[in-house]
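If you want the building blocks of each chain, they are given just below.
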Amino acid sequence: MRYLPLNEDDRAAMLARIGVSSIDDLFADIPAKARLDGLIEGLPPHASEMAVERHFTDLSRQSLSAGDAPFFCGGGAYRHHVPASVDHLIQRSEFLTAYTPYQPEIAQGTLQTLFEFQTQVAQLTGMDVANASLYDGSTATAEAVHMAARITRRRKCVLAPGLHPHYAQTVQTAVQGETMDMQVMTPAMGADAGVVDALDDQTACIVVQSPNVFGELVDLEPLAKAAHAVGALLIAVTTEVVALGLVKSPGEMGADIVAAEGQSIGNGLSFGGPYVGLLACRNDRKFIRQAPGRFAGETVDEAGKRGYVLTLSTREQHIRREKATSNICTNSGLCTLAFSIHLALLGEVGLRKLAALNHARACVLADRLDALDGVQVLNQSFFNEFAVRVQGNASQIVEDMAKAGVLGGIPAARLFGTGKFDDVLIIAVTETNRDEDFDALVATLAEAL
Amino acid sequence: MAMNSTGRPTAPTGDGLCPDDLKTFSGSRGLMQQEPLLHEVGAPEKCGVDLPDVPEHTARLGGLERDKTIGLPGLSEPEAMRHYVRLSQRNYAIDLGLYPLGSCTMKHNPRLNEKLARLPGFADVHPLQPQSTVQGALGLMAELSDWLVAITGMDAVALPPKAGAHGEWCGMMCIRAAIEERGELDTRRRVLVPESAHGTNPATAAACGFEIDELPADATGRVDMEILRTKIGPDVAAIMLTNPNTGGLFERDIREIADLVHEAGGYFYCDGANLNAIMGKTRVRDLGVDAMHINLHKTFSTPHGGGGPGAGPVVLSKRLSNYAPLPYLVRNGDGWALIEEATQSEAKPFGRMSAFHGQMGMFVRALAYMMSHGADGLRQVSEDAVLNANYLLARLSEEMSPAFDGVCMHEALFDDAFLKDTGVTTLDFAKAMIDEGYHPMTMYFPLIVHGAMLIEPTETESKESLDRFADSLLLLAKMAKSGDTARFTAAPALAPLRRLDETRAARTPVLRWKATDA
Amino acid sequence: MSKLYYTEDHEWLSVDGDTATVGISTYAAGQLGDVVFVELPEVGKTVKKGEDIAVVESVKSASEIYAPVSGQITAANAALEDAPETVNEDAQGAGWFFKMTISDAAELSGLMDEAAYAEFTKE
């Protein structure tokens, strides 16, 4: 076995040193009835690197990967180009095979990059501070709702009509253990401003996504004002953070907490995970103390040199146990590093250009689709994703396009269930889409209608 | 002769001495390069990415264009490489040396798995592509499920949980759903949690709305059965038990514990953090477990990545299988389909845990690990992990004080009795290990032991490596007992930084860089 | 003249008539390590003996502060929010946590005096 360094001589010598006669003596505490004498049933024996690689390569070929097709899927996960240096750097042993930085003297690499990540996220979202990541955007949204309820000591939460339905379901599932009054507004295009009507003096928070699940941009400012007027908080959700290079940040518009999916910077599609949840908030002691997850903070060492440590840990489960702000322990460490490196390579100039490019390409495609018979762009505004009404069943059309080798977007029914928006298709465009991809989409869509 | 005058001394001429505290002008120290913050070395106008020109278009941003700068620093690619390579060199890592963090299972991370996770059929597929186009990815999830079910003997597996704590929550929510269906949610309120448990256990039970009742340990470090019997009753929803427990001990009475809880109508949640000790030696099913999460980033070697990402699939007994969360995988003719909506489901999923289907990148790595080992290798993994831990327990007991008598499973627990009256604390001892080139063990956990030191070497350490480690620790222990405290209280002296002021970090939190600081 | 009492949870009460000033003992402050945060009770709140009403945190620990007797909170030491180190520096003086009225003086009878507390913490 290539991963196991002990040989039979070692094992014999070690058993002798321990003072037992066989390895099974070390497993004597397992109840006799539950002991497994032979090998695990139904599993093959160990396999060579070559054999394993062959098996996985065969499996991989059974999927149509995004890079092999004109590709227009978004809906909370976006395909952007990630520079080669990002993947190289995150595979450095010192980043890849390190644990949570509980011994700061020998974990400054991880800690400093987390501190840099927190700063980048705070800047991008227009907030004061950010934590060191959560699992993904949807779980970050659920944590933000818990956080808002603790801060306001209120129990009512309103989910806006444009919130990704999987995010809404994640939040609803996450609050089952407590007495929250969840108001999930009926999904609809352009209806996000309606959350104001649901506000009252019992409302802990409203959760509003922009760009929303249909791609529509939402002006958060009036919503923030209305929420604050009754003592409620605005949680702003973003599933495509590249948008923040071009549109006003949620912080500028008055958000109190931002929960976002960071996948589209530095991280691939990976069939849904691992991704990276961003959580940012105001620099208010009450907020920070109620925040979930880890924070890296600046300090000095015994000799006065600047360094970083995990801090404010009394919020966390390993100290606070059942009174912790969250049960989270493992986060998205390596994905935060990929995010941070990609964003460092882009910088201000690069991110703004990338965002402008995404938007411009999306505008070009939207105009081309709108000109097709039987297709109508539904959005008033958008960043790089928009919804179109098609003549016919969007799910069937997407299947037909896939047969023609085009991954032409996400039928809204995949997100909302059938019966709602059956004729709506959600299309995302990024810098990776070429003119030829647009031609292929337009042609196969026209064909499938 | 034709004298070539380029000769120079090629053997050292000094006396071998060097100033104790040599100050350098650059701040760097040889290979240890000084590296400021990204925000100090980068600049907004710098960029390490070339992008095509933006085509003509009429903006459709609804008047929400950003009008303020973000202030993000940029770096060219060579500058970025330096920044991150320099920072990486300030980290300890498994690839650098023994990483004996108890309960964390810091084993070797095979690079084949990294390569396979990057195959386009796994890494470059979208979670919401038509299911007909992702049969390879779904097939991989099905294979992973089969392996996890075979190893544990359980009836079903839920793949969505994104880490161990998320898995605990998944399992406990299944239990909650089962209790709710029985109409007992108002009366079954109590979850029994041993005081030696990970903090995530009580935090999870609380997140599910249960009340936590702590179980003390007996003198052997296991659940105190006398007290357990007094606490069992019709209001018990579940017991959350880590097995082997956080003291590195197998809960001998586990079957009786399961029976007691089941007879009272409750469920047995097992924290699977320590599965690495028992794979192929027993099946979780045969221990009476109803739900258990499996940390793929521990037992199945997906890299820890400085704190994540992980993955925490949950195996379920027949009594709980029906409540597994969305989405889940079903057979569809020759292929596979994902059930994503409750309305498509014949079961009673408790809900949805996150936007998509789970940690695909971790699934690929974990399955590659399992196939590489096979049935024989996985059993050998547990045997070697337990052998290595017991070997260290035997060797270190010469100078250090084991917390409990007898053999251990995959990790060895010591207390600080051997440091009594030396003036050296567990923390000092751990920091001195850093100077010896080792990552410290888990310290001050579990809470049931004074000054705990929990050592988990894993199966991927050679005997030579264990011997070197034991030699160093034994010498340190002797030194502490001989009164050489300065070496400990000043440690680490040889790490990139000395001990850090955590009080200052917590009293006046600085959680981000700010321009005004520059 | 005020009278000093201690609880088994290492809190002190300085009782003056029907009001008490409450904090944690010098011994406890030493055991906690560097105090980095104090969460104080709401002024005006009515509390029952034994109820957890405040929190004191060091870097690696969080401890609940219980109401030593029943009554109503009349003042909280807001200075601790910005200077938690006061708890370490002067636990039984400037490091007080809150003041309260005592609704049932009989509850004081179960508490320790200085000498009994010194004995209690001896081991």
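What counts and what doesn't
- Residues numbered from 1 in each chain as written.
- Chains lettered and ligands numbered in written order.
- Predicted model: local features only at pLDDT ≥ 70, side-chain atom pairs only at ≥ 80, totals over all residues.
- Heavy atoms only, no water.
- Phe/Tyr/Trp six-rings, centres within 6.5 Å; stacked < 30°, edge-to-face > 60°.
- Helix = DSSP H or I, 4+ residues; strand = E, 2+ residues; numbered from the N terminus.
- Buried < 20%, exposed > 50% of the residue type's maximum accessible area, 1.4 Å probe, protein only.
- Contact = heavy atoms within 4.5 Å.
- Buried area = accessible area lost by both parts, 1.4 Å probe.
- Salt bridge = Lys/Arg side-chain N within 4 Å of Asp/Glu carboxyl O.
- Polar contact = N/O pair within 3.5 Å; in protein donor to acceptor, adjacent residues only side chain to side chain.
- Nonpolar A, V, L, I, M, F, W, Y, C, P; charged D, E, K, R; others polar.
- Core = buried A, V, L, I, M, F, W, Y, C linked by side-chain atoms within 4.5 Å.
- Domains from an automatic or database assignment.
- Axes fitted to C-alpha atoms, helices over the stretch in contact; angles between N-to-C directions.
- Parallel < 35°, antiparallel > 145°, perpendicular 65-115°, else oblique.
- Left-handed = near helix turned anticlockwise from the far one by under 90°.
- Arc of directions from axis to C-beta.
- Pairing = 2+ DSSP bridges.
- Disulfide = S-S within 2.5 Å.

Peer 1: Help me get a handle on the packing of aromatic side chains, residues and values and all.
Peer 2: Tallied over the full model, the rule gives 18 aromatic pairs over all chains. With 6.1 Å between their ring centres and 75 degrees between their planes, Tyr275(A) and Phe356(B) make a pair best called edge-to-face. Of this pair, Tyr275(A) sits in the loop between strand 6 (257-261) and strand 7 (277-281) while Phe356(B) sits in the loop between strand 9 (335-339) and helix 11 (360-396), on two different chains. By relative accessible area, which is 0% here, Tyr275(A) ends up buried. Seen in terms of ring centroids, Trp169(B) and Phe350(B) are 6.2 Å apart; in terms of plane orientation they differ by 80 degrees. Their pairing is edge-to-face. Taken as a pair, Trp169(B) in helix 6 (residues 164-181) and Phe350(B) in the loop between strand 9 and helix 11 lie far apart in primary sequence, 181 residues in all. Residue classification places Phe350(B) among the buried residues on the basis of a relative accessible area of 6%. Through successive ring pairs, a cluster of aromatic residues spans Phe214(A), Phe416(A) and Phe421(A).

Peer 1: Account for the interface of chain A and chain B, naming residues and giving values.
Peer 2: At the interface, 195 residues of chain A touch 207 residues of chain B. Three residues, Phe271(A), Arg321(A) and Arg414(A), lead the burial of chain A against chain B; their summed loss comes to 6% of the area buried on that side. Remark: the boundary between chain A and chain B carries 16 salt bridges. Arg321(A) is paired through a salt bridge with Glu214(B); the nearest N and O atoms lie 4.0 Å apart. At the boundary of chain A with chain B, the tally comes to 103 residue pairs in polar contact (both at pLDDT 80 or more). With 27 residues, helix 12 (residues 333-370) of chain A is the single largest residue contributor to the side of chain A that touches chain B. Of the residues in the side of chain A that touches chain B, the class split is 96 nonpolar, 61 polar and 38 charged.

Peer 1: Report on the interface of chain C and chain B, specifying residues and quantitative values.
Peer 2: Listed per partner, the contact involves eight residues of chain C and four residues of chain B. Surface buried jointly by chain C and chain B totals about 490 Å² across both partners, of which 52% is contributed by carbon and sulfur atoms. When residues of chain C are sorted by the area they lose upon contact with chain B, Asp34(C), Val36(C) and Val59(C) head the list and together hold 67% of the total. In this structure, the connection of chain C to chain B is made through two salt bridges. Among the salt bridges present, the one from Lys60(C) reaches Glu502(B), with a minimum N-O distance of 3.2 Å. Here chain C and chain B share four residue pairs in polar contact (both at pLDDT 80 or more) between them. Grouping the constituent residues of the side of chain C that touches chain B by class yields four nonpolar, one polar and three charged.

Peer 1: Can you explain the nonpolar core? Please cite residues and give values.
Peer 2: Counting 131 residues, the largest nonpolar core has Phe56(A), Leu228(B), Phe300(B) and Phe429(B) as its most contacted members. Here this core takes 21 residues from helix 11 of chain B, the largest share from any one element. Residues within four places of Phe300(B) in sequence aside, it is in contact with Leu148(B), Ile151(B), Leu275(B), Met279(B), Ile294(B), Asn295(B), Arg365(B), Ala366(B), Tyr369(B), Met370(B) and Leu378(B). Core analysis: the next-biggest nonpolar cluster, separate from the first, contains 91 residues, Val171(A), Cys205(A), Cys281(A) and Tyr323(B) among them.

Peer 1: Which residues make up the domain arrangement of chain A, and what values do they have?
Peer 2: Residues and elements named next belong to chain A. By the assigned domains, chain A splits into domain 1 (67-81 + 348-448) and domain 2 (84-342). The distance between the C-alpha centroids of domain 1 and domain 2 comes to 27 Å. Across the contact, 30 residues belong to domain 1 and 26 residues belong to domain 2. The tally of links from domain 1 across to domain 2 stands at zero salt bridges. The tally of links between domain 1 and domain 2 comes to 10 residue pairs in polar contact (both at pLDDT 80 or more). Of all the elements in the fold, those that place two or more residues in the side of domain 1 that touches domain 2 are helix 12, strand 11 (385-390) and helix 14 (412-416). When grouped by side-chain class, the residues that make up the side of domain 1 that touches domain 2 number 16 nonpolar, 10 polar and four charged.

Peer 1: Break down unusual backbone geometry for me, citing the residues and quoting the values.
Peer 2: In this structure, the amide linkage connecting Ser210(A) to the following residue, Pro211(A), adopts the cis form with an omega of -10 degrees. Topologically, Pro211(A) is positioned in the loop between strand 4 (203-209) and helix 9 (221-229). Each neighbour pair has its own omega, and for Phe445(B) with Pro446(B) the value is 0 degrees, a cis peptide bond. By secondary structure assignment, the location of Pro446(B) is in the loop between strand 12 (442-443) and strand 13 (453-455).

Peer 1: Tell me about the packing of helix 5 (residues 135-152) of chain B against helix 11 of chain B, and name the residues and values.
Peer 2: Residues and elements named next belong to chain B. Between helix 5 and helix 11, the least distance of the axes is 10 Å, while the angle of their chain directions is 45 degrees. Relative to helix 11, the element helix 5 is oriented oblique. Relative to helix 11, the crossing made by helix 5 is left-handed. For the pair helix 5 and helix 11, contact is made by Ala137, Leu140, Met141, Glu143, Leu144, Trp147, Leu148 and Ile151 and by Met360, Phe363, Val364, Ala366, Leu367, Met370, Met371, Gly374 and Leu378, respectively. Classifying every residue of the contact of helix 5 with helix 11 gives 15 nonpolar, one polar and one charged.

Peer 1: Mind laying out the side chain of Thr173(A), listing which residues take part and the relevant values?
Peer 2: Inspection of the secondary structure puts Thr173(A) in helix 7 (residues 165-174). For Thr173(A), a relative accessible area of 4% corresponds to the buried category. Residues contacting Thr173(A), with those up to four places away along its chain left out, are Trp169(B), Met173(B), Phe350(B), Gly351(B) and Arg352(B).

Peer 1: An account of the domain arrangement of chain B is requested, with residue identities and associated values reported.
Peer 2: All names here are of chain B. Examined at the domain level, chain B breaks down into domain 1 (112-370) and domain 2 (376-497). A separation of 30 Å is found between the C-alpha centroids of domain 1 and domain 2. Each partner contributes to the interface: domain 1 provides 28 residues, whereas domain 2 provides 19 residues. Viewed at the interface, domain 2 and domain 1 are joined by one salt bridge. Taken together, domain 1 and domain 2 are joined by 10 residue pairs in polar contact (both at pLDDT 80 or more). Those elements that provide at least two residues to the side of domain 1 that touches domain 2 are helix 5 and helix 11. For the side of domain 1 that touches domain 2, a count of residues per class yields 15 nonpolar, 11 polar and two charged.

Peer 1: Tell me about helix 9 of chain A, and please be specific about residues and values.
Peer 2: All names here are of chain A. Burial in helix 9 covers these residues: Leu223, Ala224, Ala226 and Ala227. Buried residues of helix 9 fall within an arc of 165 degrees about the axis and therefore sit on the same side. In helix 9, the exposed residues that point more than 90 degrees away from the buried face are Lys225 and Ala229. Against helix 8 (195-198), strand 4 and strand 5 (233-238) lie the buried residues of helix 9. A positive phi of about 80 degrees marks glycine 231, the residue just after helix 9.

Peer 1: Which residues make up the pattern of salt bridges, and what are the values?
Peer 2: As enumerated under the stated definition, the model contains 67 salt bridges over all chains in all. Where Lys231(B) meets Asp213(B), a salt bridge forms, and the shortest distance between an N and an O atom there is 2.8 Å. Separated by 18 residues along the polypeptide, Lys231(B) in helix 8 (residues 225-231) and Asp213(B) in strand 3 (residues 211-215) bring together distant segments of the chain. The burial state of Lys231(B) is the same as that of Asp213(B); both residues are buried. Linked through salt bridges whose partners overlap, the residues forming this network are Asp24(A), Lys281(B), Arg379(B) and Glu383(B).

Peer 1: Give me the sheet that holds strand 7 (residues 62-66) of chain C: which residues, what numbers.
Peer 2: Residues and elements named next belong to chain C. Strand order across the open sheet formed by three strands is 4-6-7, with antiparallel pairing between neighbours. The outermost strands of the open sheet, each flanked by one partner alone, are strand 4 (35-39) and strand 7. Averaged over all neighbouring strand pairs, the angle between strand axes comes to 25 degrees, with direction disregarded. The pairing of strand 6 (residues 52-58) with strand 7 spans five bridges and is classified as antiparallel.

Peer 1: Describe the state of the cysteines, listing the residues and the values that go with them.
Peer 2: Residues and elements named next belong to chain A. Applying the stated criterion to the full structure yields zero disulfides over all chains. Of all cysteine sulfurs in the structure, the one in cysteine 329 sits closest to cysteine 335, which takes part in no disulfide; the separation is 16 Å. The buried category is assigned to cysteine 335, whose relative accessible area is 5%.

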